[in-house]
Amino acid sequence: MVSPSEVGSTESQAARYAVECRTAYTISIRLFLAGDEPEALWTVEVDSRSPWLVGNSKGGIRRSRSPLSLFLSGDSFDPREAPELFEYWNLQKMALSPCMNGVGFVGPRQLDLCWSRDLSLFGFCRSKAGRSSRETKNRPMGMRIQAVAANQRLDFKDPEWKKLYQEEFDKRFNLPHLNDILDVKPRPTTFALQSRGHLDDGNGVPMERRNDYVNHDDRTLLKVIKYSSPTSAGAECIDPDCSWVEQWVHRAGPRKEIYFDPEDVKAGIVTCGGLCPGLNDVIRQIVFTLEIYGVKKIVGIPFGYRGFFDEGLPEIPLSRQVVQNINLAGGSLLGVSRGGANVSDIVDNIQARGIDMLFVLGGNGTHAGANAIHNECRKRKMKVSVVCVPKTIDNDILLMDKTFGFDTAVEEAQRAINSAYIEAHSAYHGIGLVKLMGRSSGFIAMHASLSSGQIDICLIPEVPFKLHGPYGVLRHLEHLIQSKGSAVICVAEGAGQDLLEKSNATDASGNAVLGDIGVHIQQKIKKHFKDIGVHADVKYIDPTYMIRAIRANASDAILCTVLGQNAVHGAFAGFSGITTGICNTHYVYLPIPEVIATPRLVDPNSRMWHRCLTSTGQPDFC
Ligand SMILES: Nc1ncnc2c1ncn2[C@@H]1O[C@H](COP(=O)(O)OP(=O)(O)OP(=O)(O)O)[C@@H](O)[C@H]1O
Ligand SMILES: O=P(O)(O)OC[C@H]1O[C@](O)(CO)[C@@H](O)[C@@H]1O
Ligand SMILES: [Mg+2]
């Protein structure tokens, strides 16, 4: 058995961390090494914006994208023999398992236990338990406890805890409204599609109006799976028993009452960040819908937030006529940009232009900016509605089924994969390598691998891998060349960054400039096969910008249409600081902070990633 000191962060170390990361709430872990009494109490403060911490056998804690992890060291420790070792308090059930080929773990939502990117960070034990294969016998075996911080005020023994949880959830997902700070009187909506047709019954008598409005109290369920146990694949639990707790969010759509007089409204649209298929579709629908409400002053802000402070960039007047055909091309009619967002200057400019509704299309950075604009407008008691539409091919926005552009990106990525496959398949010992976008999330790579069915190795940022060694990618490639004669690899741009030289460079928005993992892998493959004296014909394809610049496919075009319309309905309903999305196939409004708390990541313990592994047949590369 290990002793607490071996696992041990002390409370003082934890407290030191807490100061560093500006804490929001506390989580505690009790380690039960024997008997009923906890032998180690580990309390850590969690930064609400990044609730994942990593602990190690030497006692440090570090902020990380991965869940709280604690690794045990010691030659004699077999994690599988001590599943009862840990219990939790105020935490979601912890996961405890040895590393088993990346699949078949027990416990909820563990990440791959072989995260050995930094061995001084991750402790490990050289366990004899583990793999059946001879080769793997002496590999480092990590044991991970994972915990998702819960509200420390919740006591799951309290019969009322669910009610308390739901009350808090409702508060978190409450939509900020202009009337929170102003006294705006609602008026009947001007959005009535029926009035555009013949409303009489044929005898000149007006027909009764259908009620096509969304009731303010309509809600849609955020989570629809009831996990019977925390050990169910991909389980996301609130309490130790993984009880069913309904989590409702606000339904999107037109309301019967509105908070603006369309005649007086000046609406602005701005597109920020990188390009994304569907931007023009959303702009177009926002304009169409605004006009149906009766808005006459609609302008585009050129080149992202830059358009608010660069005086040489005049606003672009928009109307149905101007935007009629813009969906036929990719890109953004308004242009995009990164960086340069001074919130106070932007709000000064909004005030100077007399903008009442601002529609902001962008990714997580843009949303953070939009939320800051919304807060500044509130502070100044301005009657301005700020409504976002999430734009990212990376699909890295929380809570949503998908963001617009993602589907198109996956479809286009398949074309590149198909070319790589044909090249590889037609060459003697051909190896095709395709790099796809995905700064921190591997959704495009995972979905393109799944949809093409032609990928042998899919590498994503969420799952670390090694190139060299008996479990590395290169050894597996040798095996593929030997067994099938060719291979195709798909790598997300953010994958394997630990293998590259680090630079502290950032782009104008402060996003880290990534090393080129595609080129790196290409070089390593070539060198490796040369070194072992085996012929390999490597073809590298980087279709990243081609994928991002195309027009939306049919499925994204529909999504864009609905999101654009809902953005306008949300603004007229008086909401501000919100974004629009699709959750479980239903359209919703969400408060901005809830969707950008962290980037949405592929969960390596999700069914989808396991399906991807099943499809590629790749082993663990750690
Ligand atoms: N925390 C923040 N507060 C205010 N503005 C921000 C913040 N983060 C980013 N921005 C601004 O938002 C705009 C877009 O940000 P960014 O370049 O990160 O793209 P993004 O919206 O995340 O989209 P993409 O998915 O293409 O990266 C930039 O003008 C940037 O300055
Ligand atoms: O070259 P740019 O415009 O900075 O965009 C690159 C980034 O944009 C994204 O597509 C997100 O929009 C990322 O996947 C990628 O890292
Ligand atoms: Mg971003």
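The shown structure was predicted, so the numbers you read here are calculated from the model rather than taken from an experiment. (Residues numbered from 1 in each chain as written. Chains lettered and ligands numbered in written order. Predicted model: local features only at pLDDT ≥ 70, side-chain atom pairs only at ≥ 80, totals over all residues. Heavy atoms only, no water.)

Comments concerning the site of ligand 2
Step number 1: As a matter of local geometry, ligand 2 sits amid Arg338, Lys391, Ile393, Asp394, Met437, Gly438, Arg439, Glu493, Tyr545 and Arg548.
Step number 2: In the model, an oxygen atom of ligand 2 is placed 2.7 Å from a nitrogen or oxygen of the arginine 548 side chain.
Step number 3: With the chains in place, 81% of the 400 Å² that ligand 2 exposes on its own is no longer accessible.
Step number 4: Looking at the shell around ligand 2 residue by residue, the class counts come to 3 nonpolar, 1 polar and 6 charged.
Step number 5: Residue-level mapping places the shell around ligand 2 at the junction of two domains, with at least three residues from each of domain 2 (257-403 + 553-583) and domain 3 (414-497 + 506-550 + 605-616). (Near = heavy atom within 4 Å. Polar contact = N/O pair within 3.5 Å; in protein donor to acceptor, adjacent residues only side chain to side chain. Areas by Shrake-Rupley, 256 points an atom, 1.4 Å probe, with all protein chains shown as cover. Nonpolar A, V, L, I, M, F, W, Y, C, P; charged D, E, K, R; others polar. Domains from an automatic or database assignment.)

A word on the site of ligand 1
Step number 1: The environment of ligand 1 is formed by 18 residues, the closest being Gly274, Arg338, Thr366, Lys391 and Ser509.
Step number 2: Contacts to ligand 1 include lysine 391, whose side-chain N or O atom sits 2.8 Å from an oxygen atom.
Step number 3: In the environment of ligand 1, an oxygen atom lies 2.6 Å from a nitrogen or oxygen atom belonging to the side chain of serine 509.
Step number 4: It is helix α7 (residues 364-379) that provides the largest number of residues to the shell around ligand 1, a total of 5 residues. (Helix = DSSP H or I, 4+ residues; strand = E, 2+ residues; numbered from the N terminus.)

Quick notes on the side chain of glutamate 376
Step number 1: With respect to the helices and strands, the residue glutamate 376 is situated in helix α7.
Step number 2: Polar side-chain contacts of glutamate 376 include one of 2.8 Å to the side chain of arginine 380.
Step number 3: With sequence-adjacent residues up to four places away left out, glutamate 376 is seen in contact with Val343 and Val347. (Contact = heavy atoms within 4.5 Å.)

Focus: helix α8 (residues 406-426)
Step number 1: Taking 1.5 Å of rise per residue, 21 residues should cover 30 Å, and α8 covers 30 Å from first to last C-alpha, within 8% of that figure.
Step number 2: Inspection of α8 places Phe406, Thr408, Ala409, Val410, Glu412, Ala413, Ala416, Ile417, Ala420 and Ala424 among the buried residues, and these make up the whole buried set.
Step number 3: Along its buried surface, α8 packs onto β15 (430-436), α9 (443-452), β17 (486-492), β18 (537-541), α12 (544-548) and α13 (554-572). (Expected span 1.5 Å × (residues − 1). Buried < 20%, exposed > 50% of the residue type's maximum accessible area, 1.4 Å probe, protein only.)

Digging into the nonpolar core
Step number 1: The biggest cluster of nonpolar side chains holds 76 residues, and the ones touching the most others in it are Ile269, Leu290, Phe359 and Phe572.
Step number 2: Each of domain 2 (257-403 + 553-583) and domain 3 (414-497 + 506-550 + 605-616) contributes no fewer than three residues to this core.
Step number 3: In contact with isoleucine 269, not counting residues within four places along its chain, are Ile283, Ile286, Val287, Ile298, Val299, Gly300, Ile301, Leu318, Leu334, Phe359 and Leu361. (Core = buried A, V, L, I, M, F, W, Y, C linked by side-chain atoms within 4.5 Å.)

Thoughts on unusual backbone geometry
Step number 1: The phi dihedral of phenylalanine 303 is positive, around 55°, even though this residue is not glycine.
Step number 2: Relative to the assigned elements, phenylalanine 303 resides in the loop between β11 (297-301) and β12 (316-317).
Step number 3: Here leucine 399, not a glycine, exhibits a phi torsion of approximately 75°, which is positive.
Step number 4: Looking at where leucine 399 falls in the secondary structure, it is placed in the loop between β14 (385-390) and α8.

Section: empty space enclosed by the protein
Step number 1: For the coordinates displayed, the defined rule picks out 2 cavities of 30 Å³ or more.
Step number 2: By volume, the second largest cavity amounts to about 40 Å³.
Step number 3: Every residue along the wall of the second largest cavity is listed here: His177, Leu178, Ile181, His374, Cys377, Arg378, Met382, Val384 and Ser576.
Step number 4: Partitioning the lining of the second largest cavity into residue classes produces 5 nonpolar, 3 polar and 1 charged. (1 Å grid on protein atoms, 1.4 Å probe; cavity = no way out; pocket = protein on both sides within 12 Å on 5 of 7 lines; lining within 4 Å. Points joined across faces, edges and corners; volume = space filled by probe spheres on them.)

Concerning the state of the cysteines
Step number 1: With the rule as written, the count across this model stands at 0 disulfides.
Step number 2: Between cysteine 377, a cysteine without a disulfide, and cysteine 388, which holds the nearest cysteine sulfur, the sulfur-to-sulfur distance is 12 Å.
Step number 3: Accessibility expressed as a relative area gives 1% for cysteine 377, which makes it buried. (Disulfide = S-S within 2.5 Å.)

Re the sheet that holds β12
Step number 1: Taken together, 9 strands build an open sheet; the order of strands is β7-β8-β20-β19-β14-β13-β10-β11-β12 and the sheet is mixed. The sheet is open, and its two edges are formed by β7 (219-221) and β12, each paired on a single side.
Step number 2: Of the strand pairs in this sheet, strand β10 (residues 266-271) and strand β13 (residues 357-362) are connected by 5 bridges, and their pairing is parallel. Paired with glycine 268 across the two strands is leucine 358, which belongs to β13.
Step number 3: Where α7 meets the sheet, its contacts fall on β13, β14 and β19 (578-583), and the angle it forms with β14 comes to roughly 170°. (Pairing = 2+ DSSP bridges. Axes fitted to C-alpha atoms, helices over the stretch in contact; angles between N-to-C directions.)

Considerations on the UniProt feature "binding site: ATP" (unreviewed entry) in the protein chain
Step number 1: Following the UniProt record, one finds the feature "binding site: ATP" (unreviewed entry) at Gly274, Arg338, Gly339, Gly363, Asn364, Gly365 and Thr366. Look at the named residues: they lie 93 residues apart in sequence, but the longest C-alpha span between them is just 12.9 Å, so in the fold they bunch up.
Step number 2: Within the secondary structure layout, glycine 274 lies in the loop between β10 and α4 (279-293).
Step number 3: Residues contacting glycine 274, with those up to four places away along its chain left out, are Leu279, Val336, Arg338, Lys391 and Arg548.
Step number 4: Mapped onto the elements of the fold, glycine 363 is located in the loop between β13 and α7.
Step number 5: With residues up to four places along the chain from it excluded, the contact list for glycine 363 reads Lys391 and Ile397. (UniProt positions renumbered as here; feature names shortened; annotations may be inferred.)

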